[in-house]
Amino acid sequence: MRKFLRKDCGRPAVKQMDERRIEELKYISSEVRKDILRMVGMARSGPYETPLATASLLVYLYWEELVLIPAEPRRDDRDRFVLGMPEAVPALYAALARRGFFEREHLWHYRRLGAMLQAHPDFRRIPGMDAPCFTVQPSLSAAAALAGELSRRSFKPRVAFLVSENAFRSDEFAEEAARAAEEPIPNLFMIVVSKQNGVSGISACSGWDVRGAVADDFDSLESACASLDFSSGAPKALFVSARGGGIPRFGSEPEDGAHSLSLGELDQALEELEVRSDEHR
């Protein structure tokens, strides 16, 4: 079953990403960012800085790394993705739509009453979402429990868990990470996102197999993921530096994601992304 899925859409045993593929991924990332801005702009509220910063990372995961088939979102041998960053929800929605899990038309109804894509996701309604979006502890414990259960299956699907560096640095999360490191869960893949210039905290992840990468550098993401052995050993962690996606800042994004872009700001950001998309066609 696992071999069949990898033949269909999974990552090959030996990965080679050429310049043409990198340009394709950059173009897809620009398109995902445009969708993020449109959906947040049409909703007149919602986070956008963090979604823009994490767009390339999600594009890499969903187009290159994760084993999945959009037409079969509940297939048993697929890799699972668990989001522990509520502020990144629009990026996940936009990536899932572009990847083909559901029609992009749903994006334009983001946050509307009764729509499929709400501010806080209902994973039971959204194709491609495997678990609730965790906003409180114990988020890592839930992902680790799912990975542990899946590790007993012959094809051992991976569980990728995305979390912010701020959450990672809490005392409660540190305790969860220490407990997870004590268990043989090689298919647990924690991805810690930092919006700072560099990536810190790697040394704090004791007992994990750890790598570092940059969200907008597909070569670095490729090298880091290709060097991890998910078939055995300790749980895996990837610390990723993600900074804005090159889009201008329009003030400070509030923690509750309530900021709305003016029409002028939206047009300016979309214009810059159009230029970027043209560069990668």
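These notes cover the structure that comes with them. In this text the structure is predicted, and so the values were computed from the model without any measurement.

### Points about the overall build of the protein chain
What the protein chain contains, in helices and strands, is 9 helices and 5 strands. Of the regular secondary structure in the protein chain, the N- to C-terminal order runs α-α-α-β-α-α-β-α-α-β-β-α-β-α. A buried classification covers 53% of the 281 residues belonging to the protein chain. Within the protein chain, counting contacts between residues at least 6 apart in sequence, those at least 24 apart form 78% of the total. Roughly 12,400 Å² of accessible area belongs to the protein chain as shown, and the carbon and sulfur atoms make up 49% of that amount.

### Quick notes on the pairing of strand 4 (residues 209-214)
Where strand 4 and strand 5 (residues 236-241) come together, 6 bridges link them in parallel fashion. Bridge pairing links R211 to L238 in strand 5. In this fold, the crossover linking strand 4 to strand 5 by way of helix 8 (residues 218-226) has right-handed handedness.

### As for the nonpolar core
One finds L61, Y62 and F81 to be the most contacted residues of the largest nonpolar core, which totals 64 residues. Per-element accounting of this core gives the leading share, 10 residues, to helix 3 (residues 49-65). Setting aside chain neighbours within four positions, we find F81 in contact with L58, L61, Y62, L66, L92, D130, A160 and L162. L140, V192, V210 and A237 belong to the second-largest nonpolar core, a separate cluster that totals 23 residues.

### Some thoughts on the packing of helix 2 (residues 19-43) against helix 4 (residues 89-99)
With their axes 9 Å apart at the nearest point, helix 2 and helix 4 run at an angle of 125° to one another. Taken together, the axes of helix 2 and helix 4 lie oblique to each other. Crossing geometry of helix 2 relative to helix 4 is assigned as right-handed. The segment helix 2 lies against helix 4, with E31, V32, D35, I36, M39 and V40 engaging P90, A91, Y93, A94, A95 and R98. Its residues placed into classes, the contact of helix 2 with helix 4 shows 9 nonpolar, no polar and 3 charged.

### What to know about the packing of helix 5 (residues 139-150) against helix 7 (residues 171-181)
It is the contact of helix 5 with helix 7, at a shortest axis distance of 8 Å, that shows an interaxial angle of 20°. Here helix 7 runs roughly parallel to helix 5, going by the angle between their axes. Note on packing geometry: the crossing formed by helix 5 with helix 7 is right-handed. Note on element contacts: helix 7 touches helix 5 through F173, E176, A177, R179 and A180, opposite S139, L140, S141 and A144. Classifying every residue of the contact of helix 5 with helix 7 by side-chain character gives 5 nonpolar, 2 polar and 2 charged.

### Describing the pairing of strand 2 (residues 159-164)
For strand 2, the buried fraction is high: 6 of the 6 residues fall into the buried class. Here strand 2 shows a buried face lined by V159, F161 and V163 and a second buried face lined by A160, L162 and S164. Taken together, the 4 bridges between strand 1 (residues 80-83) and strand 2 define a ladder with parallel strand orientation. Paired with L83 across the bridge in strand 2 is L162. The sheet contact formed by strand 2 and strand 3 (residues 188-194) spans 6 bridges and is parallel. Of the residues in strand 3, the one forming a bridge with F161 is M190.

### A look at the environment of F230
Among the secondary structure elements, F230 is positioned in the loop between helix 8 and strand 5. With a relative accessible area of 11%, F230 lands in the buried category. For the pair formed by F230 and N187, sequence separation is 43 residues and the distance between their alpha carbons is 5.2 Å. Residues contacting F230, with those up to four places away along its chain left out, are E65, R158, P186, N187, F189, C225 and K236.

Cut-offs and rules
Residues numbered from 1 in each chain as written. Predicted model: local features only at pLDDT ≥ 70, side-chain atom pairs only at ≥ 80, totals over all residues. Heavy atoms only, no water. Helix = DSSP H or I, 4+ residues; strand = E, 2+ residues; numbered from the N terminus. Buried < 20%, exposed > 50% of the residue type's maximum accessible area, 1.4 Å probe, protein only. Contact = heavy atoms within 4.5 Å. Areas by Shrake-Rupley, 256 points an atom, 1.4 Å probe, with all protein chains shown as cover. Pairing = 2+ DSSP bridges. Right-handed = clockwise from strand over helix to strand, strands pointing away. Core = buried A, V, L, I, M, F, W, Y, C linked by side-chain atoms within 4.5 Å. Axes fitted to C-alpha atoms, helices over the stretch in contact; angles between N-to-C directions. Parallel < 35°, antiparallel > 145°, perpendicular 65-115°, else oblique. Left-handed = near helix turned anticlockwise from the far one by under 90°. Nonpolar A, V, L, I, M, F, W, Y, C, P; charged D, E, K, R; others polar.

No statement about biological role is implied by the geometric values presented.
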